[in-house]
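What follows is each chain in one-letter form.
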Amino acid sequence: MIDLHCHILPGIDDGAKSAKESVRMARVAAKDGITHIVATPHIRDTLHPVNFLKQYVTKFNEALQKWQIPVEILYGADVYAMLPPKEVRRYAINNTQYILIEFPYTHISANASDILFNFKMHDLVPIITHPERIPSVIRDPETLFPLLSGDVYVQITADSLTGNFGEQIQECAFYLLQKGAVHFIASDAHSAIVRGPVLSEAAKIATKIVGKEKARMLVEDNPLAVISGKHIHLAPL
Ligand SMILES: [Fe+2]
């Protein structure tokens, strides 16, 4: 499996607090059957230099090889939607056209379709992160659907499906899955233990809702297409 969203780099944001914790997270991921993790620090108030992030990823991969942990870390970021696409295109996943876009914690912005269009105008393919955890989407999930026409995709958090965020978020995640409005499941892990980098449990739950083949697409085929810069298998609504 491939985890597209994980705060595994140490000491950059509210994710892993130390290099030890990052290695612990990688071990947890490997044990769960995850082969690739996109390291996605928050890009919100601080626009971290790309070279700095890429060097971090390289050093981390060297450490993982040394420790014989069979996981590869790839470059990416969790980018705040309000930032200008021109400024943040350098944070696209693994130097592809795909970019993780995070809306405000409370609501999907009223001008969300303009924001997404603007990203597309800059030859980027936006992936909206965890809308099922946004209160305005929980209240009315269908407000999300008009945004998904064209090349706009959705990633939900594994722990939303398992119920670790509570019933309302779980229900919303189930609903979006049933409606075909989900293209990726990712961990959005911030540590090894609490909401760790684990996808298998959520994939099992997704299997019950959408069947084995589609569930596999959410954690394997589609994320593989993203990190390879190819078209994904499940179309948006
Ligand atoms: Fe995140």
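Let me begin by describing the structure that accompanies this report. (Residues numbered from 1 in each chain as written. Predicted model: local features only at pLDDT ≥ 70, side-chain atom pairs only at ≥ 80, totals over all residues. Heavy atoms only, no water.)

### What about the coordination of the iron ion?
- The coordination sphere of the iron ion contains the protein donors H5 (NE2), H7 (NE2), D78 (OD) and D188 (OD), at a distance range of 2.1 to 2.4 Å.
- The sequence pattern describing where the donors of the iron ion fall on their chain is H-x1-H-x70-D-x109-D. Residue H5 is located in strand β1 (residues 2–6), and its partner D78 is located in strand β5 (residues 78–80); the two are separated by 73 residues in the primary sequence.
- Residue class for H5 comes out buried when judged on its relative accessible area of 0%. (Donors = N, O, S within 2.8 Å, 3.2 Å for Na, K, Ca; no water. Helix = DSSP H or I, 4+ residues; strand = E, 2+ residues; numbered from the N terminus. Buried < 20%, exposed > 50% of the residue type's maximum accessible area, 1.4 Å probe, protein only.)

### Looking at helix α8 (residues 200–210)
- Of the residues making up α8, those classed as buried are A202, A203, I205 and A206. Summarising the axial view, the buried residues of α8 lie within an arc of 160°, below the 170-degree limit, and thus occupy one face. Across from the buried face of α8, at angles greater than 90 degrees, the exposed residues are K204 and K208.
- In the core, the buried residues of α8 are packed alongside α6 (158–162), α7 (167–178), β9 (184–186) and α9 (212–228).
- Two residues or fewer past α8, G211 is found with a positive phi of approximately 95°. (Arc of directions from axis to C-beta. Contact = heavy atoms within 4.5 Å.)

### What about the sheet that holds strand β8 (residues 153–157)?
- Ordered in space as β3-β5-β6-β7-β8-β9, the six strands form an open sheet in which the pairing is parallel. Across the chains shown, the open sheet's two edge strands, defined by having one partner strand only, are β3 (42–43) and β9.
- With three bridges connecting them, strand β7 (residues 125–129) and β8 associate as parallel partners. Bridged to I127 within β8 is Y153. (Pairing = 2+ DSSP bridges.)

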